[in-house]
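Survey of secondary and tertiary structure
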Amino acid sequence: MSLLRRSPGRSSAARGAAVLTALALGMAGTALLGTGAGTSAASSHREAPLIAADPQVDNTDVYAFTSPDNPDTVTLIANWLPFQEPNGGPNFYPWADGAHYDVNIDSQGTGHPDVTYRWTFHTEDLRGTDTFLYDKGPVNNLTDDTLRFRQYYTLQELHPGCDPVTLVEHGQVAPSDTGRASMPDYGRLRQQATVQLPGGGQTVATQAADPFFLDLRVFDLLYGGNLSEVGQNTLAGYNVNSVALQIPKSRLAYKGDPARNPVIGVWSSTEKQSMKLGPGKADPVGPYVQVSRLGNPLVNEVVVPAGLKDAFNALPPSEDHNQPAVVAKVLDPEVPKLVQAVYGLPAPAAPRTDLQEIFLTGIAKAANGPLAVDLNSQLMNRDIDPNRFVPAEELRLNMSTPVTPKPDRLGVLDGDFQGFPNGRRLGDDVVDIALQVVEGATPGKFVQALAAGDKVNGPDRPFGATFPYLALPYDKAVNQK
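First, a word on what this report is: a plain description of the structure on this page. Numbering of residues starts from 1 in each chain and follows the order in which that chain's sequence is written. Predicted model: local features are reported for residues with pLDDT of at least 70 only, side-chain atom pairs are reported and counted for 80 or more only, and whole-chain, interface and lining totals are derived from all residues. Excluded from the side-chain calculations are hydrogens and water; all other atoms, namely the structure's heavy atoms, are used.

This next bit is on the overall build of the protein. A run of DSSP states H or I qualifies as a helix once it reaches four residues; a run of E qualifies as a strand once it reaches two. Both are numbered from the N-terminal end. Within the protein one finds 11 helices and 12 strands. For 481 residues, the compact-globule estimate of 2.2 N^0.38 gives 23 Å, and the protein sits close to it at 22 Å. Expressed along its principal axes, the backbone C-alpha trace of the protein runs to roughly 70 × 50 × 45 Å. Residues counted as buried form 56% of the 481 residues belonging to the protein. Contact between two residues is taken to exist if any of their heavy atoms lie within 4.5 Å; hydrogens are not considered. If you take every contact in the protein between residues at least 6 apart in sequence, the share linking residues at least 24 apart comes to 66%. Method for areas: the Shrake-Rupley scheme with a 1.4 Å probe, in which residue coverage is limited to the protein chains shown. Counting only carbon and sulfur atoms, one obtains 54% of the accessible surface of the protein, whose full area is about 18800 Å². The atom set for the radius of gyration is the C-alpha atoms, and the globule formula is 2.2 Å times the number of residues raised to the power 0.38. Partly exposed residues are those whose accessible area sits between 20% and 50% of the maximum for their type, while under 20% is buried and over 50% is exposed, using a 1.4 Å probe and protein chains only.

Right, dumping it as structure tokens:
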């Protein structure tokens with residue numbers, strides 16, 4: 001059964017049922033071998049020692065999905081700078097000047113980007129010695145003189161061996177939301193900051209309500225050791241910095257042909273220079289160094305051990321398969337053992353070759369893994385050279401999967417094949433998915449002891465129906481009643 005090649009006369013419901021059955025059978029076969037399927041437990045906020053001390057360039061989440069209202073395009077969203085308390089003035093939450101904020105696309109399965117979209121920011125700080133205020137009056141438009149702190153960006157499209165193509169020059173960032181008196185209509189500012197791209201597509205750099213939702217007390221011995229610490233969306237009330245890009249599928253697919261080559265791998269990354277400190281100043285010097293990286297949610301957070309996290313953030317996906325210590329943790333992850341120790345649920349036997357397929361190769365028959373179904377590996381692309389394919393940790397999206405009218409927060413696990421791990425939509429509940437599959441759940445067959453998950457099943461603020469889909473940023477203090 002393939003999601004890539006479908007019979008034209010077959011109903012979508014029948015296709016979905018057949019694919020679900022095929023995937024279930026594949027996973028059932030896996031269970032017979034002593035393995036399950038899945039991931040682990042939180043996203044990528046402050047996940048590694050070094051990046052936790054450098055929040056401006058800390059990737060928190062990356063999303064990739066077919067745009068529900070424009071299905072010839074894919075929407076890519078990447079977030080940085082976590083835990084923004086809305087009242088964190090007077091400087092609020094700027095992007096780091098000069099750093100490279102990248103979203104990378106691997107359409108051949110080599111672990112190298114075939115195209116990179118790069119946002120580079122610079123600041124215009126008009127406050128000088130005149131004021132400490134971010135804005136000196138209501139800001140109704142990005143060009144209002146009352147806005148005294150402004151950021152701009154250049155967006156480039158990079159292809160290996162080619163000169164960069166500038167898509168946006170001097171685009172203006174939607175600023176940090178400093179409150180209702182200062183910015184009475186933030187949605188208007190965001191709309192003004194949205195830029196149409198040459199050749200189709202659009203982009204915006206903005207502050208947004210953090211779209212990730214979960215109860216972070218997972219780190220208190222897995223919800224208090226007795227599932228008593230659940231039901232609070234810890235990230236409700238906090239903002240992040242987001243770049244969103246909606247781009248035609250033909251720009252992302254190998255050879256520009258999404259019909260023959262529909263699968264892409266996606267990850268975000270950040271590069272910055274070292275800082276030379278002097279009295280009252282910090283100047284960037286030297287070459288750029290990758291300091292953060294994010295593909296699938298949860299991997300560096302709870303699969304990679306603390307002693308390897310910084311190294312993983314500096315590593316390109318093309319080198320993942322050469323890191324035996326990281327691969328070992330994918331094949332024999334820590335979380336199932338913790339669940340067994342705390343809750344007494346037996347951990348599925350290692351090696352978890354199912355996790356290797358999900359994280360490192362994508363799910364496809366040609367991957368020769370235990371999940372014998374074609375879902376989302378670049379090995380399904382007809383025009384690639386399979387001899388160049390390498391296992392690499394990427395968020396993989398099959399762009400040919402039709403948009404479902406009723407997205408299911410549990411994604412593939414609950415029979416919705418447009419959901420995680422086939423890309424990631426804003427509403428996918430990756431934590432509950434993880435809690436289930438790490439204990440060996442298969443599509444339609446949940447582990448009942450963990451069926452309620454963390455009892456956070458959706459965002460605090462609803463997502464939008466149109467680009468950029470992100471909820472507007474919070475403008476009240478987190479602890480305000």
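And the narrative resumes.
Here we come to the pattern of salt bridges. Salt bridges are defined by distance alone: a side-chain nitrogen of Lys or Arg within 4 Å of a carboxyl oxygen of Asp or Glu. Scanning the model with the defined rule gives 19 salt bridges in all. A salt bridge links Asp-332 to Lys-337, with the shortest nitrogen-to-oxygen separation between them at 3.1 Å. One network of salt bridges, in which partners are shared, links Asp-102, Arg-118 and Glu-271.

Geometrically, the link from Ala-350 to Pro-351 is a cis peptide bond, its omega value of 5 degrees lying close to zero. Along the chain, the position of Pro-351 falls in the loop between helix H9 (335-343) and helix H10 (353-361). With an omega of 10 degrees, the peptide bond running from Phe-420 to Pro-421 counts as cis. Residue position: Pro-421 is located in the loop between strand S12 (395-398) and helix H11 (430-437). Although it is not a glycine, Leu-222 sits at a positive phi angle of roughly 55 degrees.

This part covers the side chain of Asp-102. Residue position: Asp-102 is located in strand S3 (residues 100-106). A polar contact of 2.9 Å, which involves the side chain of Asp-102, links it to the side chain of Arg-118. Residue contacts for Asp-102: discarding those within four places in its chain leaves Trp-80, Thr-116, Tyr-117, Arg-118, Trp-267, Ser-268, Ser-269 and Glu-271. We call two N or O atoms a polar contact when they sit within 3.5 Å, provided that within protein one can donate a hydrogen and the other can accept it, with sequence-adjacent residues counted only if both atoms are side-chain atoms.

Judged by how many residues are buried, H11 sits mostly within the fold: eight of eight residues are covered. Within H11, burial applies to Val-430, Val-431, Asp-432, Ile-433, Ala-434, Leu-435, Gln-436 and Val-437. Along its buried surface, H11 packs onto helix H4 (221-227).

Fair warning: the whole summary comes from geometry, so function is off the table for now.
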